[in-house]
Amino acid sequence: KAGVTQTPRYLIKTRGQQVTLSCSPISGHRSVSWYQQTPGQGLQFLFEYFSETQRNKGNFPGRFSGRQFSNSRSEMNVSTLELGDSALYLCASSLARTTNEQFFGPGTRLTVL
Amino acid sequence: AQTVTQSQPEMSVQEAETVTLSCTYDTSENNYYLFWYKQPPSRQMILVIRQEAYKQQNATENRFSVNFQKAAKSFSLKISDSQLGDTAMYFCAFMKLQTGANNLFFGTGTRLTVIP
């Protein structure tokens, strides 16, 4: 079974632009969560989608948004990019059942210049 | 709010030796999961071991075991017979056992280096 895939793997943008990152979960997984990883703040939860609905949200500004499609693939969007948005963005999928084990993708490295 | 603390930013261990990574957490929840994740230099986060808070028995996965002390809110990871492939960042993480709360709270990580 294929693992979690994220595209693109690397991205360079300039301040003020917007960006869309994509995540394809493991087949059969209906929950997709997004995390931001930075050297200063560590790993922080952005949001979780389950059955096309945002079920849980972290403490990030409204510039960060996401969605999930009927095939469970998810996208996250960051508008009006700031230098501080430079980070590794990790996506994780799970069955969202009792085990709650999350499987992570390789991440997208976003650099904002 | 949940917080997870890893007080050892960096550690090193000789190959074949045993090392213990520390983790403490703070929560008012009674039902939750605790995890140790490994992030090698290639960056793919991998689950090492999981502990359900309602289970008193410490989890074990091959060379990896935990010492879970619920009253003390402590969750340490022991790696036995350390191998070069164990070199990675290790993150301790907490998750509430609650539908719709499928998010992890991570510690700041411990960078482990296995020395040949």
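Look up a bit, the structure's there.
Residues numbered from 1 in each chain as written. Chains lettered and ligands numbered in written order. Predicted model: local features only at pLDDT ≥ 70, side-chain atom pairs only at ≥ 80, totals over all residues. Heavy atoms only, no water.

Draft legend 1. The side chain of A:Ser93, seen in detail. Residues and elements named next belong to chain A. Inspection of the secondary structure puts Ser93 in strand 9 (residues 87-94). Ser93 sits in the buried class, given a relative accessible area of 0%. A polar atom in the side chain of Ser93 sits 3.4 Å from the backbone nitrogen of Ile26. With residues up to four places along the chain from it excluded, the contact list for Ser93 reads Val4, Pro25, Ile26, His29, Ser31, Val32, Glu101, Gln102 and Phe103. (Helix = DSSP H or I, 4+ residues; strand = E, 2+ residues; numbered from the N terminus. Buried < 20%, exposed > 50% of the residue type's maximum accessible area, 1.4 Å probe, protein only. Polar contact = N/O pair within 3.5 Å; in protein donor to acceptor, adjacent residues only side chain to side chain. Contact = heavy atoms within 4.5 Å.)

Draft legend 2. Summary view of the sheet that holds strand 7 (residues 64-68) of chain A. Residues and elements named next belong to chain A. With antiparallel pairing, the 4 strands of this open sheet are ordered in space as 1-3-8-7. Strand pairing shows two members of the sheet lacking a second neighbour, strand 1 (5-7) and strand 7, which therefore form its edges. Averaged over neighbouring strand pairs, the angle between their axes works out to 20° when direction is ignored. (Pairing = 2+ DSSP bridges. Axes fitted to C-alpha atoms, helices over the stretch in contact; angles between N-to-C directions.)

Draft legend 3. Region of interest: the layout of surface pockets. Roughly 470 Å³ of internal volume is contained in the largest pocket. Forming the boundary of the largest pocket are 20 residues, of which A:Gln37, B:Gln39, B:Met89, B:Phe91 and B:Arg111 lie nearest the centre. Mapped by element, the contributors of at least two residues to the lining of the largest pocket are strand 4 (31-38) of chain A together with strand 10 (88-96) and strand 12 (110-115) of chain B. Grouping the amino acids of the lining of the largest pocket by side-chain chemistry returns 9 nonpolar, 8 polar and 3 charged. Empty space within the second largest pocket amounts to approximately 400 Å³. What lines the second largest pocket is a set of 20 residues, among which A:Leu43, A:Gln44, A:Phe45, B:Phe105 and B:Phe106 lie closest to the centre. Here the element with the most residues in the lining of the second largest pocket is strand 5 (residues 42-50) of chain A; it accounts for 4 residues. For the lining of the second largest pocket, the per-class residue count stands at 8 nonpolar, 11 polar and 1 charged. (1 Å grid on protein atoms, 1.4 Å probe; cavity = no way out; pocket = protein on both sides within 12 Å on 5 of 7 lines; lining within 4 Å. Points joined across faces, edges and corners; volume = space filled by probe spheres on them. Nonpolar A, V, L, I, M, F, W, Y, C, P; charged D, E, K, R; others polar.)

Draft legend 4. Structural context of the pattern of salt bridges. Residue and element names in this part refer to chain A. Tallied over the entire structure, the rule returns 10 salt bridges over all chains. With a closest N to O distance of 3.6 Å, Glu82 and Arg63 form a salt bridge. Here Glu82, found in the loop between strand 8 (74-78) and strand 9, pairs with Arg63, found in the loop between strand 6 (53-57) and strand 7; they are 19 residues apart in sequence, far enough to count as distant. Relative accessible area serves as the criterion here: at 42%, Glu82 is assigned to the partly exposed category. Put simply, Glu75 and Arg73 hold a salt bridge, and the shortest N to O gap is 3.3 Å. (Salt bridge = Lys/Arg side-chain N within 4 Å of Asp/Glu carboxyl O.)

Draft legend 5. Spotlight on the environment of A:Ala87. Residue and element names in this part refer to chain A. Position of Ala87 among the secondary structure elements: in strand 9. On the basis of relative accessibility, which here comes to 2%, the residue Ala87 falls in the buried class. The spatial distance from the C-alpha of Ala87 to the C-alpha of Val112 is 8.7 Å, given a sequence separation of 25 residues. When near neighbours in sequence (up to four residues on either side) are disregarded, Ala87 contacts Gln36, Gln37, Thr38, Thr108, Arg109 and Leu110.

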